[in-house]
Each structure stands twice: as C-alpha cells, then as structure tokens.
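# A closer look at the structure
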Amino acid sequence: MIKTPYYLIDKSKLLRNMEKIAYVREHSGAKALLALKCFATWSVFDLMSQYMDGTTSSSLNEVKLGKLKFGGETHAYSVAYADDEIEEVLAHSDKIIFNSIGQLERFADASASHVRGLRLNPGVSSSEFLIADPSRPFSRLGEWDADKVATVIDQISGFMIHNNCENSDFALFDQMLGEIEDKFGSLLEQPQIGWVSLGGGIHFTGENYPLDQFCARLKAFSERYGVQVFLEPGEASITMSTSLEVTVLDTLYNGKQLAIVDSSIEAHMLDLLIYRESAKMAPNDGELEYMVCGKSCLAGDIFGEFKFERELKVGDRLSFIDAAGYTMVKKNWFNGVKMPAIAVRELDGSVELVKEFTFDDFVNSLS
Ligand SMILES: Cc1ncc(COP(=O)(O)O)c(C=O)c1O
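Small disclaimer: the values here were computed from a predicted structure and weren't measured.

Thresholds applied
- Residues numbered from 1 in each chain as written.
- Predicted model: local features only at pLDDT ≥ 70, side-chain atom pairs only at ≥ 80, totals over all residues.
- Heavy atoms only, no water.
- Salt bridge = Lys/Arg side-chain N within 4 Å of Asp/Glu carboxyl O.
- Helix = DSSP H or I, 4+ residues; strand = E, 2+ residues; numbered from the N terminus.
- Buried < 20%, exposed > 50% of the residue type's maximum accessible area, 1.4 Å probe, protein only.
- Domains from an automatic or database assignment.
- Contact = heavy atoms within 4.5 Å.
- Buried area = accessible area lost by both parts, 1.4 Å probe.
- Nonpolar A, V, L, I, M, F, W, Y, C, P; charged D, E, K, R; others polar.
- Core = buried A, V, L, I, M, F, W, Y, C linked by side-chain atoms within 4.5 Å.
- Near = heavy atom within 4 Å.
- Polar contact = N/O pair within 3.5 Å; in protein donor to acceptor, adjacent residues only side chain to side chain.
- Areas by Shrake-Rupley, 256 points an atom, 1.4 Å probe, with all protein chains shown as cover.
- Pairing = 2+ DSSP bridges.
- Axes fitted to C-alpha atoms, helices over the stretch in contact; angles between N-to-C directions.
- Parallel < 35°, antiparallel > 145°, perpendicular 65-115°, else oblique.
- UniProt positions renumbered as here; feature names shortened; annotations may be inferred.

What follows deals with the pattern of salt bridges. Under the criterion given, the structure shown has 17 salt bridges. Where K11 meets E346, a salt bridge forms, and the shortest distance between an N and an O atom there is 3.0 Å. Pair noted here: K11 is in helix α1 (residues 11-28) and E346 is in the loop between β15 (341-345) and β16 (351-355), with a separation of 335 residues, a long-range link. According to the relative accessible area criterion, E346 is partly exposed, its value standing at 21%. With a shortest N-O distance of 3.9 Å, K67 and D94 are connected by a salt bridge. Here D94 lies in the loop between α4 (86-91) and β5 (95-98) and K67 lies in helix α3 (residues 60-70), a separation of 27 residues in the sequence.

When its domains are assigned, the chain resolves into domain 1 (11-237) and domain 2 (242-323 + 331-365). One C-alpha centre belongs to domain 1, the other to domain 2, and the line joining them spans 32 Å. Residue-level contacts link 11 residues of domain 1 with 10 residues of domain 2. Carbon and sulfur atoms make up 67% of the surface buried where domain 1 meets domain 2, a total of about 840 Å² over both sides. A per-residue breakdown of the area domain 1 buries against domain 2 is headed by K11, S43 and F129, which together make up 48% of the total. At the junction of domain 1 and domain 2, the tally comes to one salt bridge. The leading source of residues in the side of domain 1 that touches domain 2 is α1, at three residues. Tallied by class, the residues present in the side of domain 1 that touches domain 2 amount to six nonpolar, three polar and two charged.

What follows deals with the nonpolar core. One broad rule of soluble globular proteins: the nonpolar side chains tend to lie buried together. In terms of nonpolar packing, the biggest core is built from 92 residues, with M48, F159, F204, F214, V292, F303 and F320 touching the most fellow members. Counting residues per element, this core draws most heavily on helix α7 (residues 170-188), which supplies seven residues. Of the domains in this structure, domain 1 (11-237) and domain 2 (242-323 + 331-365) are the two that each give at least three residues to this core. The contact partners of F204, leaving out residues within four places of it in the chain, are K20, I21, V24, Y209, L211, F214, L231, P233 and A236. Counting residues in hydrophobic clusters, the runner-up holds seven residues, among them L33, I97, L141 and F230.

Turning our eyes to something else, we now look at the site of the ligand. Taken together, A35, K37, C38, M160, H162, G200, G201, E232, P233, G234, E235 and Y326 make up all the residues around the ligand. At 2.8 Å, a side-chain N or O of K37 approaches an oxygen atom of the ligand. The contact in question runs from a nitrogen atom of the ligand to an N or O atom on the side chain of E232, over 2.6 Å. Its free accessible area being 400 Å², the ligand has 86% of it covered by the protein chains. For the shell around the ligand, the per-class residue count stands at five nonpolar, four polar and three charged.

Further remarks concern the sheet that holds strand β3 (residues 54-56). What the eight strands build is a closed barrel, ordered β2-β3-β4-β5-β6-β7-β8-β9; its pairing is parallel. Mean inter-strand twist for the sheet, computed between neighbouring axes without regard to direction, equals 25°. With four bridges joining them, β5 and strand β6 (residues 115-119) adopt parallel strand pairing. Following the sheet pairing, F98 is matched in β6 by L118.

The peptide bond linking T4 to P5 adopts the cis configuration, its omega dihedral lying at -5°. Turning to its location among the elements, P5 is positioned in the segment before β1 (6-10). Residue P283 follows A282 across a cis peptide bond; omega there is 0°. Tracing the backbone shows P283 in the loop between α11 (270-274) and β12 (288-293).

Interaxial distance between α7 and helix α8 (residues 211-225) falls to 12 Å at its minimum, and their mutual angle equals 5°. With respect to α8, the element α7 is oriented roughly parallel. Residues F170, F173, D174, L177, G178, E181, G185 and L188 of α7 touch α8, and the partners they reach there are Q213, F214, R217, L218, F221, R224 and Y225. Among the residues making up the contact of α7 with α8, the classes are represented as eight nonpolar, three polar and four charged.

For K11, a relative accessible area of 5% corresponds to the buried category. Of the polar contacts made by the side chain of K11, one reaches the side chain of E346; its length is 3.0 Å. In contact with K11, other than residues within four places in its own chain, are V44, D46, L47, V344, R345, E346 and L347.

This chain's UniProt record puts "binding site: substrate" (unreviewed entry) on E235 and D271. In terms of the greatest pairwise C-alpha distance, the residues named above, spread along 37 residues, form a tight cluster of at most 12.3 Å across. With respect to the helices and strands, the residue E235 is situated in helix α9 (residues 235-238). Among all residues touching E235, those that are not within four sequence positions of it are C38, H203, D322, G325 and Y326. Among the secondary structure elements, D271 is positioned in helix α11. Beyond its immediate stretch of four places on either side in the chain, D271 contacts Y326 and K330.

Shown next, in the form of structure tokens:
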C-alpha cells in the first residue's frame, strides 16, 4: 500500500491520449511536442516518446530535461533568455524560438548557426481568464506587428503562435486560425519560412472532438504556406490520465459537512486555486455533500464540494481525478505539507512507486 498523498499516473489512460495524438500526426502531417510546462514527470516519457515527436520548453531547465529525458525534437522557447543561459540552451535544442525581436537581435551572433524562430501574437485568444490570455492588452508574449517582423524575417525560418487556451471548440480554433492567416499570411508565405508551431491549448484529445476536421484544417494550412506544422499539446497530452490520492484526516460540521484531507490545493493543485476552480471527483452523485478541504493554514484551502453515497470517516480514501496538468510542475512545500509521492500504473495493471519526497527534500528546498 502506497501512503497518501500521491499522484497516480495511469499509463492506459495516458495511452488513449497518445493514440489520438498519433492519429493527428498521421492524418495531418503535424508534429507533436509535449509542452513540459504542463507536465514534466519524466517517469512516463518512455511511453509518451513513442507517440510524440519531442518536447517544447519555457526555460533552460525544461529544454535540458526534454533533451535528456524525452529525446526526439527539442524546441527551446522562453519569454526571455539571460546572457549566461544562451549557450546551454542552444546546445540542448534543435530550434530556438525567441519571444521578441529584441531577444532575436541580442542573441543574433550566438545563434547564427541555429534554426531560429520568432513568436507571433495574433491578438486573438480563446482564454476565459485574463491572467492566462496571451493576447491580453499590452501582452509581452510575442510580436504583434507584421511590418516590424518583416524587417527581421531573413534571420528566421519559422514562427510560434500560441493563442488557444483550453479550447475544445474546433469552430473557434478554425476561426482564429483564419484570423492568423489574415493578419500574418504575408509573413507565413515567405519562402524562407519552413515551419509554424501553433502552440498548445487545443483540447483535441477530449471526447467528441472532430479529429478529422482538425487534421484537414492543419493539413490545408501546412500546404497553403508550405510549412511543417507543430503542435505543443500540454493538457491535451495528459488529460484524464492521473489522480491525486488522499486520505480523510478529520471531519467537522460547521453548517456544512467538512472533510479535511492529507493534501492541500494550494500546495498540490495550485492551478485550480489560481483560477478559482474546483477539483474533480467521479462519481460525484450521492446523497451526502461534503466540502473537501486541504490541511494547510489557508482558510480557502478547499478542493470543492462533492456528493458521496456514504458518510465520510477518518481514514477514508478519496481520489481527485484529472490531476496531471499544471499540478506536479507547480507543487510546493507550503506549510511543509507532505509532498505527494508519484506512482505509475503500468499497462499490465501493476502500480510502481516512482518518487517519494522526504524531510530532506523539504530542507534542501531552502537554506
Ligand atoms: C507557448 C506554449 N505552448 C504550449 C502550451 C501548452 O498549453 P496547454 O497545456 O494548454 O496545451 C502553453 C501553455 O501556456 C504555451 O504557453
């Protein structure tokens, strides 16, 4: 028995996403790179790397992780590189994508023999949250002005455009890609432009996504501009593959039934707290409702309100589903709460504990 809390990655569930990604690669010609910012738990890269072309990154550390642990094609991107990072970034990447013309020019000599791209910002996005909207007013994420970009186009061979956010609506993806074509078509059709990454945020591995229409649209885009298309799925790669396993430590009644578990939304599922979203449980349809809370001191350390068939008791095991994306990469030592271990359910059903965190890890996270 593995002690809670722990994240449990189920490879057979991961495989369902991988097979959809493989389908899209085959039918659209696009290449798929795992966005490490979303999920970087390298214990399952052995499976993922059979179905994806490589990784993309947001920092020197991520690009190194991708190169060393995943392999395949490694894209380097960062909002801004520091002078003392650039050599190592170049040494660990096949392509470097600069966020701004300023960065491209700053590292023009250092990167002269590397494959280089630039991030474009089309000014349209599907984000419902301002904090996550790459096209928010005054956004620093990419260049907006096609005329300005045209002045440096000789130095690059491709573009990255990440404007989708949790977008499960193919029509909206299609419409925004059309807007990108209108705005940046004159750049995309330049003969020296050979590749375009359309970023992440497209939820094409979800239920009922029209995969064939998606593939046809990607293929048409690729053929129209003569470019290799890349996708950078983060969430789409790992959606619904992982749970956070916890145990009830206490129950209280304070006008509502409360259950406190041996985890913390702030420490172990921080993204949900940032976006004011509830964790997910399934099933969630009994007669008894509980507010399930974390054990940190934060008053709002609440995973959500869930319905149960039976009264909850100390020692009961609960499982939050869909717990892979932007969780493990953001976990932290707030309150010194025990950091969840990481376990993997292999394809044969056996469960392997792949990582445990100790007091020493807590101590070593500070000095
Ligand atoms: C440049 C870039 N690529 C890919 C992703 C991955 O997005 P998602 O996890 O929503 O697929 C992000 C997310 O912010 C991103 O900024």
